[in-house]
Amino acid sequence: YVDKNNLRIGLIKIHAEGAERRVIRGAEKVIRQQAPIIIVEINHSEKDFYDIKPMLEEMQCNYKYRIYKPHNGFICLGLKLIAEPCFISNDISN
């Protein structure tokens, strides 16, 4: 769909109730070719928490990673992994 419609993807946000790894695998071509910012929930299982970052690293997109935890009083509810390409500029004039 992305290729057929010549779409440029800048951000992928994934909250798929435990299917996050499947969504990433399905978007692998777009991730490798376009290196969009990725925000993905990593609190559905221990496997998500430990496997999603290495899965993205295998795609060799030169991301920098950080974990966002909302201030909601829960240990891991709403935990997100944010992957940003290292070449992103803060200059909005581009």
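In this text, all values refer to a predicted model and were calculated from it rather than measured experimentally. (Residues numbered from 1 in each chain as written. Predicted model: local features only at pLDDT ≥ 70, side-chain atom pairs only at ≥ 80, totals over all residues. Heavy atoms only, no water.)

Draft legend 1. Region of interest: the sheet that holds strand 1 (residues 11-14). With mixed pairing, four strands are arranged side by side in an open sheet as 1-2-4-3. Strands at the two margins of the open sheet, each flanked by one partner only, are strand 1 and strand 3 (63-68). In this sheet, adjacent strand axes meet at a mean angle of 10° when their direction is disregarded. Looking at chain direction, strand 3 and strand 4 (residues 80-85) are connected through six bridges and run antiparallel. Within the sheet, the bridge partner assigned to Tyr-68 lies in strand 4 and is Lys-80. (Pairing = 2+ DSSP bridges. Helix = DSSP H or I, 4+ residues; strand = E, 2+ residues; numbered from the N terminus. Axes fitted to C-alpha atoms, helices over the stretch in contact; angles between N-to-C directions.)

Draft legend 2. Quick look at the confidence of the model for the protein. Across the protein, the average pLDDT comes to 87, with 87% of residues at or above 70. Summarising per-element confidence for the protein, the mean pLDDT is lowest in helix 3 (residues 46-58) (91) and highest in strand 1 (96). (pLDDT = per-residue confidence, 0-100.)

Draft legend 3. Seen up close, the environment of Cys-61. Structurally, the position occupied by Cys-61 is in the loop between helix 3 and strand 3. Note: C-alpha distance between Cys-61 and Ala-35 (26 residues apart in sequence) is 5.9 Å.

Draft legend 4. Main features of the pattern of salt bridges. One pass over the structure, following the stated rule, counts nine salt bridges. Glu-28 is the partner of Arg-32 in a salt bridge, and the nearest nitrogen-oxygen pair spans 3.0 Å. Of this pair, Arg-32 and Glu-28 are both found in helix 2 (residues 28-34), four residues apart, which corresponds to roughly one turn of the helix. Of the residues examined, Arg-32 reaches a relative accessible area of 43% and is grouped as partly exposed. In this structure, Lys-47 and Asp-51 form a salt bridge, with 2.8 Å as the shortest nitrogen-oxygen distance. A residue pair is termed a helical-turn pair when its members lie 3 or 4 positions apart in one helix, as Lys-47 and Asp-51 do in helix 3 at four residues. The class of Asp-51 is partly exposed, set by a relative accessible area of 27%. Via salt bridges that share partners, Arg-25, Glu-28, Arg-32 and Glu-58 belong to a single interconnected network. (Salt bridge = Lys/Arg side-chain N within 4 Å of Asp/Glu carboxyl O. Buried < 20%, exposed > 50% of the residue type's maximum accessible area, 1.4 Å probe, protein only.)

Draft legend 5. View of unusual backbone geometry. Even without glycine at this site, Asn-6 takes up a positive phi of about 50°. Turning to its location among the elements, Asn-6 is positioned in the segment before strand 1. Using a relative accessible area of 71% as the deciding quantity, one classes Asn-6 as exposed. The backbone of Glu-17 shows a phi angle near 50°, a positive value even though the residue is not glycine. A residue is classified by how much of its surface remains accessible, and Glu-17, at 61% relative accessible area, is exposed.

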